[in-house]
Amino acid sequence: MQRTEMTGENPRRIFKAYLKELRAYENEGVRLYYPYDEECSPRFLAETMAKDPGATYMRDLVESEEGKVIKVHFNRILLADEKQGG
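Residues numbered from 1 in each chain as written. Predicted model: local features only at pLDDT ≥ 70, side-chain atom pairs only at ≥ 80, totals over all residues. Heavy atoms only, no water.

1. Description of the packing of aromatic side chains
Thinking step 1. Here the structure, examined in full by the defined rule, presents 1 aromatic pair.
Thinking step 2. Where Tyr34 meets Tyr57, the ring centres are 5.5 Å apart and the plane angle is 75°; that geometry is what we call edge-to-face. Taken together, the residues span a long stretch of sequence, with Tyr34 in the loop between β1 (31–33) and β2 (39–40) and Tyr57 in strand β3 (residues 55–63) at a distance of 23 residues. Pair check on accessibility: Tyr34 and Tyr57 agree, each one buried. (Phe/Tyr/Trp six-rings, centres within 6.5 Å; stacked < 30°, edge-to-face > 60°. Helix = DSSP H or I, 4+ residues; strand = E, 2+ residues; numbered from the N terminus. Buried < 20%, exposed > 50% of the residue type's maximum accessible area, 1.4 Å probe, protein only.)

Structure follows, in structure tokens:
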């Protein structure tokens, strides 16, 4: 699946793009986790990510023995500007 980059875009548009990405995971039977070990819905995660312009969310994929993605754990990563205080 494709990574969604949305720097500088409208928050509603960002939310919709994340929701589309996360629902695609869900439709494939992939479980989503954020914070790292708590299962969550695509809507919750899309809202969380869209409302957080100071961070990006790294995807940690868990695959089955057959190589199919079965879980995605999301890790919040502060953007460099935020770490330095602006």
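From this point, the narrative continues.
2. With respect to helix α2 (residues 42–50)
Thinking step 1. Within α2 the residues assigned to the buried category are Pro42, Leu45, Ala46, Met49 and Ala50. Mapping the buried residues of α2 onto a view down its axis gives an arc of 125°, with all of them on the same face.
Thinking step 2. Of the surrounding elements, those touching the buried residues of α2 are α1 (11–27), β1, β2, β3 and β4 (69–78). (Arc of directions from axis to C-beta. Contact = heavy atoms within 4.5 Å.)

3. Things to note about the pairing of β3
Thinking step 1. With 9 bridges joining them, β3 and β4 adopt antiparallel strand pairing. The residue bridging Thr56 from the neighbouring strand is Ile77, located in β4. (Pairing = 2+ DSSP bridges.)

Treat this as a map of the structure, not an account of what it does.
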